[in-house]
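# Breakdown of the fold
Here are the chains, one letter per residue:
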Amino acid sequence: MINYDAFLSRAAENMKESAIRKMGTVLAQARDIISFAPGYPAPQIFAWADFQEIARELLSGADGSVLQYGPTRGYRPLLETIAEIMAGRNVRTTPERLLVTTGSQQGLDLVARVLLDPGDVALVELPTYTGAITAFRNVQAEMVGVPQEADGIDLAALDDTFQRLTKEGRRIRFLYVVPNFQNPTGLLIGLDKRRAVLAWAERRNMLVVEDDPYRDLYFEDSATEADVRPIKADDGNGRVIYLSSFSKTVAPGFRVSWIDAPEPLAAKFETAKQAADLCTGGLDQRIVYEACRRGVLARQLPLLRAHYGHKREVMVKALEREFGSQVSWPSPRGGFFIWATLPESIDAGAMLARAVEEGVIYVAGEAFFVNPNGRNIVRLSFSAPTPERIEQGVARLGRAVRAELGITGPVASSRGEVPRAAR
């Protein structure tokens, strides 16, 4: 038997399976599991009829380039459309600064490969997106976490961390943030703090990597267009590398996302992408472009906001009913997730086996930290399950928590209540 470990690179030796994808494997092997694990959009509100009509026209054979290789940067009309979308987000850009990527995850991989050497430091939020952790770890960089406050990253802690690492002789390459309805916490960075982050980057000569896939999914009862203004909108000196995606608004199966970066960096990202896949799928790009051109995306956005806003309310009410003040969370104003802190005695990772027995899965909070935190926290995604399944899943989660605590009555009525987080 060959020992293949002996052939692995140092980077491969340190690779770890995605906690979210691992939960997908559990789901595939079980018969009746309610999944709060992956942040999947709801398929029942995809624009199926529009996609069918667009695909039928594109696949007529009238334009042979539809199924041909395309430019690495992306389909030019789509790049121009993305520039218009960015203008609607108060960001002036051009196709020369844009690059279509095969999902936002490829964007993170390109950022990592172009900007990070082994041993370099990427500053990240505590907690942060697991896909970023994976991308930065794969190039053997080190991630150092900065705590968050109710309105996003703690600026004093950010600068203290920067100064400490600088004194230690560490090379810090950038700050990575998810400002709008962060995955996993659902937090929204306040506008003043966004501008303060940019001012800090100027003062410390840092780049900011702004990951913004949930920007359009604000809940109109609690957030507005003004609340989700990109950090990049105020960037006059090319400090911000901006990533966004059509996955959460058009459909994730098309794998169409983008990077907006200063031209010298955009050129490097293009070169790195050539080594990865040469170009993002041409048919995918054409369908997304047509969905934008024909107004499909514009019609969908209000429906998406109402749909996910309703599901958030269903999950919040179910959690309150099941747990009372025993479980706390920051109330999300958009996005897909609730970040729930369980009683301190619970180990969310260890409880997964019991949760599966009850018929529900989630992602344990530890997966989102680059330090040993998150033991009693779970990320619950309300985006994909129906409202009825959300209520059933929270009830199943309640049974798992009761079993872990060794109580027979409702969790909400047990003693030793945990104070509710800011709501």
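Starting afresh in each chain, residues are numbered from 1 along the sequence in its written order. Reporting of local features is limited, given that this is a predicted model, to residues whose pLDDT is at least 70; pairs of side-chain atoms are given and counted only at 80 or more, and all residues count toward the totals for whole chains, interfaces and linings. Heavy atoms throughout the structure, all of them, feed into the side-chain values; hydrogens and water do not.

## As for the overall build of the chain
Convention followed: What counts as a helix is a DSSP run of H or I of at least four residues, what counts as a strand is a run of E of at least two, and both are numbered from the N terminus. When we talk radius of gyration, it's over C-alpha atoms, and the globule rule is simply 2.2 Å times the number of residues to the 0.38. The Shrake-Rupley method, run with a 1.4 Å probe sphere, supplies the accessible areas, and residue values consider only the shown protein chains as cover. Only four residue types enter the tally: Lys and Arg on the positive side, Asp and Glu on the negative side; His and the chain ends are excluded. Charge placement uses NZ in Lys and CZ in Arg. For Asp and Glu, CG and CD serve respectively.
When helices and strands are counted, the chain shows 13 helices and 13 strands. The C-alpha radius of gyration computed for the chain amounts to 22 Å, which stays within 12% of the reference 22 Å derived for 423 residues, consistent with globular compactness. Taking the principal axes of its C-alpha atoms as reference, the chain extends roughly 65 × 60 × 60 Å. Accessible area for the chain stands at about 18200 Å²; split by element, carbon and sulfur atoms hold 51% of it. The distance from the centre of the 51 positive side-chain charges to the centre of the 52 negative ones in the chain is 1 Å.

## Some details on the pairing of strand E13 (residues 377-381)
The following threshold applies: Each residue gets one of three labels from its accessible area relative to the maximum for its type: buried under 20%, exposed over 50%, partly exposed in between, using a 1.4 Å probe on protein chains only. Think of it this way: DSSP has to see at least two bridges between two strands before they count as a pair.
Of all five residues in E13, five are buried, a share of seventy percent or more. Both faces of E13 are covered, namely the face carrying Ile377, Arg379 and Ser381 and the face carrying Val378 and Leu380. Where strand E10 (residues 337-341) lies against E13, five bridges are found, and the strand directions are antiparallel. Bridge pairing in E13 links alanine 340 to valine 378. As judged from the two bridges shared by strand E12 (residues 363-364) and E13, these two strands associate in the antiparallel manner. Residue pairing for E13: valine 363 is matched across the bridge by arginine 379.

## A look at the nonpolar core
For the record, the criterion: Throughout, nonpolar core names a set of buried Ala, Val, Leu, Ile, Met, Phe, Trp, Tyr and Cys residues whose side chains join them through atoms within 4.5 Å. Whether two residues are in contact is decided by their heavy atoms: any pair within 4.5 Å suffices.
Ranked by internal contacts, the top residues of the largest apolar core, which has 75 residues, are Phe51, Phe246, Tyr308, Met315, Tyr362 and Leu380. With residues near it in sequence (within four places) discarded, methionine 315 still touches Phe36, Ile338, Leu380, Ser381, Phe382, Ile390 and Val394. Listed in part, the 27 residues of the second largest apolar core include Leu99, Val111, Phe136 and Ala261.

## A short note on the environment of alanine 42
You can see alanine 42 is positioned in the loop between strand E1 (34-35) and helix H3 (48-58). With 341 residues separating them along the chain, alanine 42 and serine 383 place their C-alpha atoms 6.0 Å apart. Sequence-distant contacts of alanine 42, that is, excluding residues within four places in its chain, are made with His307, Tyr308, Lys311, Ser383 and Ala384.

## Comments concerning the side chain of asparagine 183
Where we set the bar: Counted as a polar contact is a pair of N or O atoms within 3.5 Å, where, for protein atoms, one must be capable of donating a hydrogen and the other of accepting one, and residues adjacent in sequence contribute only when both atoms are in side chains.
Along the polypeptide, asparagine 183 turns up in the loop between strand E6 (172-177) and helix H8 (191-204). What makes asparagine 183 buried here is its relative accessible area of 5%. At a separation of 2.7 Å, a polar atom in the side chain of asparagine 183 contacts the side chain of arginine 379. Setting aside chain neighbours within four positions, we find asparagine 183 in contact with Thr128, Tyr129, Val178, Tyr214, Phe337, Phe368 and Arg379.

## Focus: the sheet that holds E10
Strand order in the open sheet formed by three strands is E10-E13-E12, with antiparallel pairing between adjacent strands. Every other strand in the sheet has two partners, leaving E10 and E12 as the edge strands with one partner each.

## Here's the deal with unusual backbone geometry
Both trends apply: most residues other than glycine have a negative phi, and most peptide bonds are in trans. Backbone torsion omega between leucine 126 and proline 127 reads -5°, so that peptide bond is classified as cis. Along the chain, proline 127 falls in the loop between strand E3 (121-126) and helix H6 (130-138). Its identity as a non-glycine residue notwithstanding, asparagine 90 has a phi of 70°, on the positive side. Turning to its location among the elements, asparagine 90 is positioned in the loop between helix H4 (76-88) and strand E2 (98-101). For asparagine 90, a relative accessible area of 46% gives the class partly exposed.

## Let's talk about the state of the cysteines
Test applied: Any cysteine sulfur atom paired with another within 2.5 Å is treated as part of a disulfide.
With the rule as written, the count across this model stands at zero disulfides. Free cysteine: cysteine 279, not disulfide-bonded; nearest cysteine sulfur from cysteine 292 at 19 Å.

## Describing the confidence of the model for the chain
Note that predicted coordinates carrying low pLDDT should not be read in detail. Our working definition: Within a predicted model, pLDDT stands for the predictor's per-residue confidence, ranging from 0 to 100.
Averaged over every residue, the pLDDT of the chain is 93; the share at 70 or more is 93%. With pLDDT under 50 throughout, residues 414-423 is counted as low confidence; its partners more than four residues away or in other chains account for 28 contacts.

## Some remarks on helix H7 (residues 155-167)
What counts, and what does not: Multiplying 1.5 Å by the residue count of a helix minus one yields the expected span of that helix.
Relative to the 18 Å expected for 13 residues at 1.5 Å per residue, H7 spans 18 Å between its end C-alpha atoms, a close match to the ideal helical length. Those residues of H7 lying buried are Ala157, Leu158, Asp159, Thr161, Phe162 and Leu165. In this structure, the buried residues of H7 make contact with E3, strand E4 (142-149), strand E5 (152-153), E6 and H8. Positive phi appears at glycine 169, one or two residues downstream of H7, with a value of about 80°.

## Some words on the packing of aromatic side chains
When we look at a pair of aromatic rings, we describe it by the centre distance and by the angle of the planes. Which entries qualify depends on this criterion: Planes of paired rings set the category: under 30 degrees apart is stacked, over 60 is edge-to-face and the rest tilted, where pairs are Phe, Tyr or Trp rings (Trp by its six-membered ring) whose centres lie within 6.5 Å.
Applying the stated criterion to the full structure yields 14 aromatic pairs. Pairing phenylalanine 162 with tryptophan 200 gives two aromatic rings, centres 5.7 Å apart and planes at 90°, and the pair type is edge-to-face. Remark: tryptophan 200 occurs in helix H8 and phenylalanine 162 occurs in helix H7; sequence separation between them is 38 residues. On the basis of relative accessible area, phenylalanine 162 is assigned to the buried category, the value being 9%. Centroid distance tryptophan 339 to phenylalanine 369: 6.1 Å. Interplanar angle 35°. Geometry classified as tilted. On the criterion of sequence distance, the pair formed by tryptophan 339 in strand E10 and phenylalanine 369 in the loop between E12 and E13 is long-range, its members being 30 residues apart. For tryptophan 339, a relative accessible area of 7% gives the class buried. Members of the aromatic cluster, joined through ring pairs, are Tyr214, Tyr308, Phe336 and Phe337.

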